[in-house]
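# Analysis of the macromolecular model
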Amino acid sequence: MSEKQEIILSGIRPTGRLHYGNYFGAVHHFIHLQEAGHRCYYFIADYHALTTITERVDFYRQTIDMLRTYVACGLDPVKSVIYRQSDLPCTAELALLLGMVTNIGHLERGTTYKDKLSKLTSKPGSEGNPLSYGLLGYPVLMAADILIVRADKVPVGDDQRQHVEMTMDIAQKFNHRFGETLKIPRATSRKALRLPGLDGGAKMGKSEHNTLDLLDDEKTVLKKIKAVQTSTDPLPLDTDSDLPEAVIPQMPPSVGMLYRLLNLLAPEDVYLDFLGKYRRKEKFYGMLKTTLAQHVSAFNAPIIERFNDPENSPEYVEDFLRENAKKVTPVGLATVEACREAIGIGHSLYRA
Ligand code: TRP
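Residues numbered from 1 in each chain as written. Predicted model: local features only at pLDDT ≥ 70, side-chain atom pairs only at ≥ 80, totals over all residues. Heavy atoms only, no water.

## Notes on the overall build of the protein chain
Each helix and strand counted, the protein chain has 15 helices and five strands in total. Whereas a compact globule of 352 residues would reach a radius of gyration of roughly 20 Å, the protein chain reaches 23 Å, a difference of no more than 12%. The principal-axis extent of the C-alpha atoms belonging to the protein chain is close to 75 × 50 × 40 Å. Going through the 352 residues of the protein chain one by one, you find that 49% of them count as buried. Counting only contacts in the protein chain whose residues sit at least 6 apart along the sequence, the fraction spanning at least 24 positions is 76%. When the accessible surface of the protein chain is summed, it comes to about 17,700 Å², and 54% of that surface belongs to carbon and sulfur atoms. Each charge sign in the protein chain was given a centre, from 43 positive and 44 negative side chains, and these centres are 2 Å apart. (Helix = DSSP H or I, 4+ residues; strand = E, 2+ residues; numbered from the N terminus. Rg over C-alpha atoms; globule rule 2.2 N^0.38 Å. Buried < 20%, exposed > 50% of the residue type's maximum accessible area, 1.4 Å probe, protein only. Contact = heavy atoms within 4.5 Å. Areas by Shrake-Rupley, 256 points an atom, 1.4 Å probe, with all protein chains shown as cover. Lys, Arg positive; Asp, Glu negative; His and termini not counted. Charge placed at Lys NZ, Arg CZ, Asp CG, Glu CD.)

## As for the side chain of His19
Looking at where His19 falls in the secondary structure, it is placed in the loop between β1 (7–12) and α1 (20–35). Relative accessible area serves as the criterion here: at 6%, His19 is assigned to the buried category. If we ignore the near neighbours within four places in the chain, the residues touching His19 are Met204, Gly205, Lys206, Thr211, Leu212, Asp213 and Leu214.

The analysis is restricted to geometry; functional conclusions fall outside its scope.
See below:
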């Protein structure tokens, strides 16, 4: 146990397969916090996922498969409390209460909301505001997720920082109106690495179709990496530093992506060796790709094995979700009850 145990919370959208961008951007950091002995709550944000759908999606299946991958990567449902948002339905009750202290203008200024709105309204033929109440209220629900477990820290990527700041605001407003009830959390940067996509695009993402996946087998890995665009000659590097932060921005984007992965996965001397080749403009891209593919496959192999372990079955995931929902429920209910008391409607009369 670490000297100072903190309460950590983060939410994960149920997107299905896990790719390298998710891993190095978030999962890796989640595991690190778990191993440092903090009290970690990680939940699958299935209510949040509903804000953008227009038809039935099998989130249940997606959640189970995703969690099998998370477990295969090292997230441990005994050390961390891993649960589904919808298994803690009092989150929705807290969101309702928090909604009473949330200013609509504040929500309308949310960048995620504004982005979605401008994308939709810029389409010809769309009139008015077609977005849902649920989507506008996304940050309120997120505030409820965070405040309900009394989180100290919320590790998120940069795109989510504003939401955490809104949470701090909402909590402060609540405390100001109704007395100190909620703990004010802080956003912590995930020391996040935003991995570029295999196409050299700024971000690896499922909707960009440019992902390297943790469950990709050897053949798939090699095929994907071989297909990476490397026809541009090395550009001169205007630095003596070997650090990826210094050299990668000076490379063609897709080549930079290969070096980024090599730096993450291969021993340092392998990375430095290929960096030397780049500096000397040797012909080496073919070799770089096969070497990298070997390291990626070696990284994936134990994850694939643990994913397919008969112990790591859908039933196993369901069992730990049930157990962890039991663990988080008293914590959540205590917060909701405290808020009800603070506001003045008093305790629920049928909950013990
Ligand atoms: N909005 C986050 C995302 O899109 C997911 C999320 C939901 C979350 N609730 C949260 C993250 C609470 C941190 C804390 O990635």
